[in-house]
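A look at the structure
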Amino acid sequence: AVKDKGRNSYHFFDSTMNETVLNKFALENDLRKAIEQDQLELYFQPKVNPLTHELVGAEVLLRWKHPERGMISPAIFIPVAEESGYIVELGQWVLKQACIINSGWQSQGMPIVPLAINMSSANFRHPDLLAGVQRSLDESKLLPSFLVLELTEGILMQDISSTIDTLQALKTMGVSLSVDDFGTGYSSLHYLKRFPIDELKIDRSFVQDIVTDPNDAAITAAIIGLAQNLKLSVVAEGVETTEQADFLLQRGCITMQGFLFARPMPKGEFERFMMQSLQMAQQHKGVFMVDQ
Ligand code: C2E
Ligand code: MG
Ligand code: MG
Ligand code: MG
């Protein structure tokens, strides 16, 4: 559309708007070539149990190494992909890659854990969703219990009756479901109970100030209690300090993700992390058994 209006339309934009529009347009174009040109890479961020040193899972986070602009954050390019509709293809690619990589680890005898991928609304609402997930599992031969889909409250609350059907179908396939950035959206507790979900992820914005802000501490404790009552797992995201981790442990949240434990990392580095945490967890278990 920008192109069609011709050169004269330049004068109708102020310069910052002009730049934003052109910038976005360029990014969108580049993004369409990014998969083919091998510029996109899956990074992995561990979810850990700090008490036992166990690696309990990992989240897949997409990275884009742009040939001229360097690393571009998903916080920038995912919204561009969503607006342009390209997210459908991008999301399918991430799903497929994640399954292939995890299944590859399994066949190499690595101590594999469930991998969570982030799902955009257009992917969740896509008519090919269920068939696409099944295809990715079949083609990679990954067990469905090693795939987790992270969905935000906003996505879940969009069309509740179709949401419940889709979640149910995914559960029947054996895939796990997690609610991302929990507490920042508007989910109704009434529906939360009816969604066949497995996990709540407490948003980083609450975790950030739990030690200093009594409101955030109260909200975090309430989410942990809610998860326990609904028999859901609970994960805290964005844990950066031992004080935050201690607070969470005291309130009963034993699964954490954050820079305190590990940053999102490329595949090779994550493989080493997997092997190390296996050793640490075994040592911990050994000590535990001697104590008894
Ligand atoms: P998210 O799903 O909530 O992912 C967590 C974000 O928090 C990641 O940012 C991660 O790097 C960051 N994070 C983790 N621990 C800490 C910490 O201790 N401190 C701080 N400051 N940050 C931490 P990232 O990788 O930049 O991703 C941003 C968002 O982009 C994600 O938020 C997710 O919504 C979206 N995203 C990333 N990859 C994909 C993807 O493959 N598909 C889709 N649809 N969205 C994606
Ligand atoms: Mg996420
Ligand atoms: Mg999140
Ligand atoms: Mg977040």
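Details of the structure are given in the entry above.
These numbers come from a predicted model, not from an experiment. (Residues numbered from 1 in each chain as written. Chains lettered and ligands numbered in written order. Predicted model: local features only at pLDDT ≥ 70, side-chain atom pairs only at ≥ 80, totals over all residues. Heavy atoms only, no water.)

Attention now moves to the overall build of the protein chain. Looking only at helices and strands, one finds twelve helices and nine strands in the protein chain. Over its C-alpha trace the protein chain gives a radius of gyration of 21 Å, about what one expects of a compact globule, namely 19 Å for 292 residues. Overall, the C-alpha framework of the protein chain stretches about 80 × 45 × 35 Å when taken along its three principal axes. For the protein chain, buried positions account for 44% of its 292 residues. Of the contacts made within the protein chain by residues no fewer than 6 positions apart, 67% connect residues no fewer than 24 positions apart. Of the roughly 15,300 Å² that the protein chain leaves accessible, carbon and sulfur atoms contribute 53%. Taken as two groups, the 25 positive and 36 negative side-chain charges of the protein chain have centres that lie 4 Å from each other. (Helix = DSSP H or I, 4+ residues; strand = E, 2+ residues; numbered from the N terminus. Rg over C-alpha atoms; globule rule 2.2 N^0.38 Å. Buried < 20%, exposed > 50% of the residue type's maximum accessible area, 1.4 Å probe, protein only. Contact = heavy atoms within 4.5 Å. Areas by Shrake-Rupley, 256 points an atom, 1.4 Å probe, with all protein chains shown as cover. Lys, Arg positive; Asp, Glu negative; His and termini not counted. Charge placed at Lys NZ, Arg CZ, Asp CG, Glu CD.)

Attention now moves to the pairing of strand E2 (residues 54-66). Burial analysis of E2 places ten of its 13 residues in the buried class, the great majority of the element. Strand direction decides the pairing type here: strand E1 (residues 40-49) and E2, joined by ten bridges, are antiparallel. In the strand pairing of E2, Val48 is matched with Leu55. Count of turn residues in the E1/E2 antiparallel hairpin: four residues, of which His53 carries a positive phi of about 65 degrees. As judged from the two bridges shared by E2 and strand E4 (residues 115-118), these two strands associate in the parallel manner. Among the inter-strand pairings, Ala58 is bridged to a residue of E4, identified as Leu115. Pairing between E2 and strand E3 (residues 70-72): three bridges, direction antiparallel. Residue pairing for E3: Trp64 is matched across the bridge by Ile72. Remark: three residues form the turn of the hairpin made by E2 and E3, two consecutive strands paired antiparallel. (Pairing = 2+ DSSP bridges.)

Examined bridge by bridge, E4 and strand E5 (residues 147-152) share four bridges and lie parallel to one another. Bridging across to E5, Asn118 finds its partner in Glu150.

A word on unusual backbone geometry. Of note in this structure, Asp181 is not a glycine but carries a positive phi near 50 degrees. Looking at the element boundaries, Asp181 is found in strand E6 (residues 176-182).

This part covers the coordination of the magnesium ion (ligand 2). At the metal site, the magnesium ion (ligand 2) is ligated by Glu59 (OE), Asn118 (OD1), Glu150 (OE) and Asp180 (OD), and these contacts range over 2.0 to 2.2 Å. On the primary sequence, the residues serving as donors to the magnesium ion (ligand 2) are separated as E-x58-N-x31-E-x29-D. The metal-metal distance between the magnesium ion (ligand 2) and the magnesium ion (ligand 3) comes to 3.7 Å, with Asp180 coordinating both. Separated by 121 residues along the polypeptide, Glu59 in strand E2 and Asp180 in strand E6 bring together distant segments of the chain. (Donors = N, O, S within 2.8 Å, 3.2 Å for Na, K, Ca; no water.)

Moving on to the site of ligand 1. Contacts to ligand 1 come from 20 residues, most closely from Arg63, Asn118, Asp180, Glu240 and Phe259. In this structure, a nitrogen atom belonging to ligand 1 sits 3.2 Å away from a main-chain N or O atom of Leu62. Note that a nitrogen atom of ligand 1 is positioned 2.9 Å from one of the side-chain N or O atoms of Ser120. Taken by itself ligand 1 offers 800 Å² of open surface, and the protein chains cover 83% of this. Residue assignment for the shell around ligand 1 shows that the elements contributing at least two residues are E2, helix H2 (74-84) and E6. No other element matches E2, which puts four residues into the shell around ligand 1. (Near = heavy atom within 4 Å. Polar contact = N/O pair within 3.5 Å; in protein donor to acceptor, adjacent residues only side chain to side chain.)

Worth remembering: the numbers are spatial, not functional.
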